[in-house]
Every structure is written in structure tokens, then in C-alpha cells.
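Residues per chain, in single letters:
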Amino acid sequence: MRCSGLAGAGLLMLALAGCGGSQAPSAQEASVSTAEDAALPAPVLEQMESQPLRARAEAALREQRLHTPAGDNAVEYYLALREREPDAGVAAALAELQPYVLISSEQALGQQQLDEARRLIGLLARMDAHAPALPRLRESLRVAQEKADRDEGARIAEAAKPVAPPAAAPAAPATALARTVSPGAPLSAATPANAAPPPAPEPVAPKEPTPPPVVAARTEPAPTALPRLLRDAAPRYPLAARNRRIEGSVQVAFTIQPDGSVTDVRTVSAQPEGLFEQAALAAAARWQFEATPRRVSTTRTLTFQLPPEPKS
């Protein structure tokens, strides 16, 4: 997959242009952007004017605070801005950020971070109440929460059980004590003098060796053919990499569901590390394949390559 400089910028650049990101920040915006490391409660966001709100949203995008931390991220700022001034730029920014929220919700569920998963699923519902992944995410959260509650109840019940005292060792029977008498010692009353010696054990015929069990050879099923890709999505070229003209690639693993949607997206390898992974995961979440009879797990490599610079 090849990402050009213009296509790699993606909808976020369009969102910035639509939200006035191309204008020079005013003194009020600059003061806001320098003090935005503190999260704002929802009532403060609702009362904030549009210009400082835009400045916070654009600064959060530049600093990769897409959906975290809570109260100080681009998604929440754009949602507050959409309530105040809905326009094409804000809608485009939220549409571009939606796959990032979806991927992080699945990762939080997989890591049993249920509070964070609940927050991210709530953000996704505010971004798009009819998002196709919402029913599946909510059901996964419900099942995970029920399991966590059962495990916690079992742990509490186990801790509340009384500790039983150790049982006393049983006394040795008299017959066992009689057997410990050494040769030449006087016989006790339990051992008559005229007692007959015990009969010699009968010889045991050796057993025939048991043949090893026959293991039937298993035939591995033929590999499942990959469903056809119906809708591709080019990843957004990270602005930091584009400005420094860094190229690379990311191999992602994912599962194709029977309806053709993509889930369980994760990074297998990246070159260089820590630069292109989030963009690749967000693009993979938007892929759509043809329907398949069963789930199919596979991998795909996304290449980030810039067009050559024009010759002067």
C-alpha cells in the first residue's frame, strides 16, 4: 500500500482547514494552548467560546492526544465544538478520529481495563450513535463486567471461609507395632510361639508387553482462502514523519468476521517503531471484506512512502 503526501494527510488536515487551522493563532488562542495540560470538566467545555475550543482541539491533534487523557483530548473538544458550531470540518475530524477510539476500546476490553473501555465506548456513541461496532462492544463489555463480578464474588467467598484446624495423626495399629519387633526378641502375646510361617508368595508370570497405541495421522485442513477486499482505506501519513520525510512500514494482524468487518487489529512489527503504528491500526479498522462462512485471521503490511521531492 502506498501513501502519497496529499492522501496521507487524510481527513484530519481537511478538518483543520475547515476549523480554521490554517489561520495564525491569536493571543487568546496561544494562551489557551500553553495552559491546556489540565483537563477541563464538561460544564467548562460547554461554556467555552469557539475560538479557544478550536485552539485546544488543534493542539491536542498536534500532540497526539486523540482520545486520552479524559477531559483533555481532541475527541472531546471536537464534540463540544460540534454542539456549538456544527460544520464540515468538525464532522470530518470526528470521522477521522472514530477508528482510533474503536481500536482503543477493543484493546481496553482485551486488557480487562473495563473503566477505560466504558469511557471510550461512551465517546464512540457520542461521535456516532449508529456506529456498527457499538452493539458488539457493549455486549463484550457486559460479558467482561459479569465475569469480573463473578470472580470478585468468588474471591470474597474464598477469603471468608473459616480455616479448619489441622487433623491429628492417626495412631499406629497394634499389628503395625508388632511387625517392628527385632529378630531374637521375646514373642508377645499377640504372636503365638507355634504360629506357622506365612506361605511363600506364588510366582507371578511376566506380563506380555503392551503394544503401543496406533495413532491415526491427522490431515490438516486446507488453508482458508482470504475473502475479497471490498473497501480499502489508506492510512493517514503522520505529520511528524511527513515533515521529517521519514518512510516506513507496519505489519498488522487482524480477524475478518463473517460479515466482512475487521476486528482484533494489532501490530506485529513496525519499521521504525513508534511512528506509524496508530495510523496503520486506524486504517485497518476501516477495511471491509466480502462475507465469509467463518472467521479468518490474517496479516497485511502497510507501506508509508513519500513522493519524490520536485526538482528545482
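Structural data are supplied above this passage.
Novice: Is there a simple way to explain the overall build of the chain in this structure?
Specialist: Counting its secondary structure elements, the chain contains eleven helices and five strands. Each of the 312 residues in the chain was classed as buried or not, and the buried ones make up 35%. A fraction of 71% describes how many contacts in the chain between residues 6 or more apart in sequence connect residues 24 or more apart. For the chain, the computed accessible surface area is about 19,900 Å², with 58% contributed by carbon and sulfur atoms.

Novice: Explain helix α11 (residues 277–284) to me, please; I cannot follow it from the model alone.
Specialist: A turn of α-helix holds 3.6 residues, and therefore any two residues three or four places apart point the same way. Counting buried residues in α11 gives seven out of eight residues, a clear majority hidden from the surface. Of all the residues in α11, the buried ones are Glu277, Ala279, Ala280, Leu281, Ala282, Ala283 and Ala284. In the core, the buried residues of α11 are packed alongside α6 (88–110), β2 (248–256), β3 (262–271) and β5 (296–304).

Novice: So what exactly am I meant to see when it comes to helix α8 (residues 134–160) here?
Specialist: Here α8 contains 27 residues, and its C-alpha end-to-end distance of 39 Å stays within 8% of the 39 Å for a straight helix at 1.5 Å per residue. Listing the buried residues of α8 in full gives Leu134, Leu137, Leu141 and Ala144. Contacts from the buried residues of α8 go to α6 and α7 (114–127).

Novice: Help me out: how do you make sense of the packing of helix α5 (residues 74–84) against α6 in this one?
Specialist: The packing of two helices is summarised by the inter-axis angle and the distance between the axes. Between α5 and α6, whose axes approach to 10 Å, the crossing angle comes to 145 degrees. α5 and α6 meet at a crossing whose hand is left-handed. Here Ala74, Val75, Tyr78, Leu79, Leu81 and Arg82 of α5 come into contact with α6, specifically with Val90, Ala93, Leu94, Leu97 and Val101. Of the residues assigned to the contact of α5 with α6, the class counts are ten nonpolar, no polar and one charged.

So, how was this worked out
- Residues numbered from 1 in each chain as written.
- Predicted model: local features only at pLDDT ≥ 70, side-chain atom pairs only at ≥ 80, totals over all residues.
- Heavy atoms only, no water.
- Helix = DSSP H or I, 4+ residues; strand = E, 2+ residues; numbered from the N terminus.
- Buried < 20%, exposed > 50% of the residue type's maximum accessible area, 1.4 Å probe, protein only.
- Contact = heavy atoms within 4.5 Å.
- Areas by Shrake-Rupley, 256 points an atom, 1.4 Å probe, with all protein chains shown as cover.
- Expected span 1.5 Å × (residues − 1).
- Axes fitted to C-alpha atoms, helices over the stretch in contact; angles between N-to-C directions.
- Left-handed = near helix turned anticlockwise from the far one by under 90°.
- Nonpolar A, V, L, I, M, F, W, Y, C, P; charged D, E, K, R; others polar.

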